Amino acid sequence: MRRAVCPGSFDPVTNGHLDIIARASRLYDEVYVAVMINKSKKGLFSIEERIALIEEVTAEYGNVRVESFHGLLVDFCKQRDIPAIVKGLRAVSDFDYELQMAQMNNGLSGVETLFVPTNPTYSFLSSSLVKEVAQWGGDVAHLVPPVVLEALKNKLARQ
């Protein structure tokens with residue numbers, strides 16, 4: 001069984017994230033989406049809400065599991081016998097940071113990192129940008145799945 005993990009905060013999950021997850025699901029038998037818990041940051045969506053949204057928008061793939069994690073990603077990988085991390089790269093600036101992380105992860109545990117160039121349509125896209133535009137009333141319908149858009153609108157209306 002070939003396994004890989006797509007890690008991130010996914011606050012919220014975007015079409016760019018889904019593009020990378022979908023592509024990974026075609027390459028691997030089982031893909032874990034690891035939702036990072038960062039106790040020092042207050043996210044817009046709770047970890048449980050993020051997991052539920054990702055599960056809903058990835059249900060069609062059939063081989064995607066969604067779990068949260070806290071700590072080192074390599075420990076998550078070791079516990080689940082996952083030999084590969086799949087990361088999307090939007091720009092050269094992403095590569096500089098991600099290469100360092102890949103080398104550290106490989107040095108710590110032997111886990112390999114596969115870099116997937118993002119679809120050019122999503123090369124500018126980030127969860128932070130989606131939240132900022134949405135908070136100011138901008139249209140982000142083309143950047144997130146419909147269920148995420150609805151959840152985003154509801155969350156922001158309560159703030």
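Along each chain, residues carry numbers from 1 onward, in the same order as the chain's sequence is written. It should be noted that, the model being predicted, local features are given only for residues of pLDDT at least 70 and side-chain atom pairs only at 80 or more, the latter also being counted only at that level, while totals for whole chains, interfaces and linings use all residues. Only hydrogens and water are set aside when side-chain values are computed; all heavy atoms of the structure are taken into account.

Participant: Go over the pattern of salt bridges, please, and point to the residues and values.
Facilitator: Salt bridge, as used here: a side-chain nitrogen of Lys or Arg that lies within 4 Å of a carboxyl oxygen of Asp or Glu. If you walk through the whole model with that rule in mind, you get twelve salt bridges. Note that R3 and D81 form a salt bridge whose closest N and O atoms lie 3.9 Å from each other. Highlighted residues: R3 in strand β1 (residues 3-8) and D81 in the loop between α3 (73-80) and β4 (84-89), separated in sequence by 78 residues. A relative accessible area of 58% means that D81 is categorised as exposed. Among the ionic pairs, K78 bridges to D75, the shortest N-O distance being 3.9 Å. Placement of the pair is K78 and D75 together in helix α3, with a separation of three residues, close to one helical turn. For every residue, the accessible area (1.4 Å probe, protein chains only) is compared with the maximum for its type, and the residue is labelled buried under 20%, exposed over 50%, or partly exposed between those bounds. A relative accessible area of 54% means that K78 is categorised as exposed. On the accessibility criterion, D75 (31% relative accessible area) is partly exposed. Salt bridges here are not isolated pairs; linked through shared partners, they connect R3, E30, R65 and D81. Each helix corresponds to a stretch of at least 4 residues labelled H or I by DSSP, and each strand to a stretch of at least 2 residues labelled E; elements are numbered beginning at the N terminus.

Participant: Now, about the packing of aromatic side chains: what can you tell me, with residues and values included?
Facilitator: What counts as a ring pair is set by centres within 6.5 Å for rings of Phe, Tyr and Trp (its six-membered ring), and what kind of pair is set by the plane angle: stacked under 30 degrees, edge-to-face over 60, tilted for all other angles. Evaluation of the coordinates by the stated rule reveals three aromatic pairs. Ring centres of Y32 and F76 lie 6.1 Å apart, and the angle between their planes is 85°; on these two criteria the pair is classed as edge-to-face. Taken together, the residues span a long stretch of sequence, with Y32 in strand β2 (residues 30-36) and F76 in helix α3 at a distance of 44 residues. The residues Y32 and F76 share a single accessibility class, namely buried. Taking the centre distance of 5.7 Å and the plane angle of 55° together, the rings of F69 and F76 count as tilted. Like F76, F69 is buried. Three or more aromatic residues joined by ring pairs form one cluster here, namely Y32, F69 and F76.

Participant: Quick one: what's the story with the packing of helix α2 (residues 47-58) against helix α6 (residues 146-157), residue by residue and with numbers?
Facilitator: For the pair α2 and α6, interaxial distance at closest approach is 10 Å and the crossing angle is 155°. On the basis of their axis angle, the class for α2 and α6 is roughly antiparallel. Between α2 and α6, the residues in contact are E49, L53, E56 and V57 and V147, V148, A151 and K155, respectively. When residues are sorted by character, Ala, Val, Leu, Ile, Met, Phe, Trp, Tyr, Cys and Pro go into the nonpolar class, Asp, Glu, Lys and Arg into the charged class, and all the rest, Gly among them, into the polar class. Looking at the contact of α2 with α6 residue by residue, the class counts come to five nonpolar, no polar and three charged. Only C-alpha atoms enter the line fits that serve as axes; for helices the fit covers just the stretch in contact. Angles between N-to-C directions range over 0 to 180 degrees. Note on terminology: angles under 35 degrees are roughly parallel, angles over 145 are roughly antiparallel, angles of 65 to 115 are roughly perpendicular, and the others are oblique. The contact rule is simple, with two residues in contact once any of their heavy atoms fall within 4.5 Å.

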